[in-house]
Amino acid sequence: MLIVPEYFYKETIDYVVSTLPIEACGLLAGLDMEVSRVYSVHNILNSPLRYSMDPFGQLNAMLAIEKLGLELLAIFHSHPQGPDHPSQTDIREFLYPGVLSVIVFPDGESWNMRVFQINAESYEEVKWKLV
Ligand SMILES: [Zn+2]
């Protein structure tokens, strides 16, 4: 189960809202499955339907995570127009086995997220908890 403190949940949602209508993306890091850092990374595709993390921004975030002695727990991205689960492209292009995928999506007036483990051909939902 992924543990997401409210502060970092809000930081993630705020970032997702700030990039609208473009898909947002970034990294969630922490220890023992508890998020303690959010790294936003520029979506170089500037698309409302697809994302690709800026390689330099992603590398900087990975180096910062390593320097802090944290683990990369999840890669997040938003689906401003849904769906609330990984797309075929997300499954096909996922490069990080063992790292969770967080999808942030609009839910009524607000936003929500779901967590997945993407495998070679599909995905499984993983529980998460707001603390
Ligand atoms: Zn996606």
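On a predicted model such as this, the values are computed, not experimentally measured, just so you know.

(A) Representation of the coordination of the zinc ion in the model. Here the zinc ion is held by the protein donor atoms H77 (NE2), H79 (NE2), D90 (OD) and D90 (OD), which lie 2.0 to 2.6 Å from it. The sequence pattern describing where the donors of the zinc ion fall on their chain is H-x1-H-x10-D. Highlighted residues: H79 in the loop between β4 (71–78) and α3 (88–93) and D90 in helix α3, separated in sequence by 11 residues. You'll find H79 and D90 in the same group, each marked buried.

(B) Region of interest: the nonpolar core. Counting 20 residues, the largest nonpolar core has L2, L28, V35, V102, V104, M113 and V115 as its most contacted members. A per-element tally of this core places helix α1 (residues 6–18) first, with 4 residues. Once you skip the residues sitting within four places of it in the chain, V35 turns out to touch L2, I3, V4, P5, F8, L28, A29, G30 and L73. One finds C25, A29, V41 and L70 within the second-largest nonpolar core, a separate group that totals 15 residues.

(C) Examining the environment of S36 more closely. On the secondary structure map, S36 appears in strand β3 (residues 34–41). Considered as a pair, S36 and Y7 are 29 residues apart in the sequence and their alpha carbons are 9.1 Å apart. Other than its neighbours up to four places away in sequence, S36 contacts F8, A29, G30 and L70.

(D) Expanded view of the environment of E93. Turning to its location among the elements, E93 is positioned in helix α3. Put simply, E93 and Y123 are 30 residues apart on the chain and 13 Å apart in space, counted from C-alpha to C-alpha.

(E) Molecular detail of the pattern of salt bridges. Throughout the structure, instances matching the rule amount to 4 salt bridges. Put simply, D84 and R114 hold a salt bridge, and the shortest N to O gap is 3.1 Å. Pair noted here: D84 is in the loop between β4 and α3 and R114 is in strand β6 (residues 110–118), with a separation of 30 residues, a long-range link. One network of salt bridges, with partners in common, ties together D84, R114 and E125.

The rules behind each value
Residues numbered from 1 in each chain as written. Predicted model: local features only at pLDDT ≥ 70, side-chain atom pairs only at ≥ 80, totals over all residues. Heavy atoms only, no water. Donors = N, O, S within 2.8 Å, 3.2 Å for Na, K, Ca; no water. Helix = DSSP H or I, 4+ residues; strand = E, 2+ residues; numbered from the N terminus. Buried < 20%, exposed > 50% of the residue type's maximum accessible area, 1.4 Å probe, protein only. Core = buried A, V, L, I, M, F, W, Y, C linked by side-chain atoms within 4.5 Å. Contact = heavy atoms within 4.5 Å. Salt bridge = Lys/Arg side-chain N within 4 Å of Asp/Glu carboxyl O.

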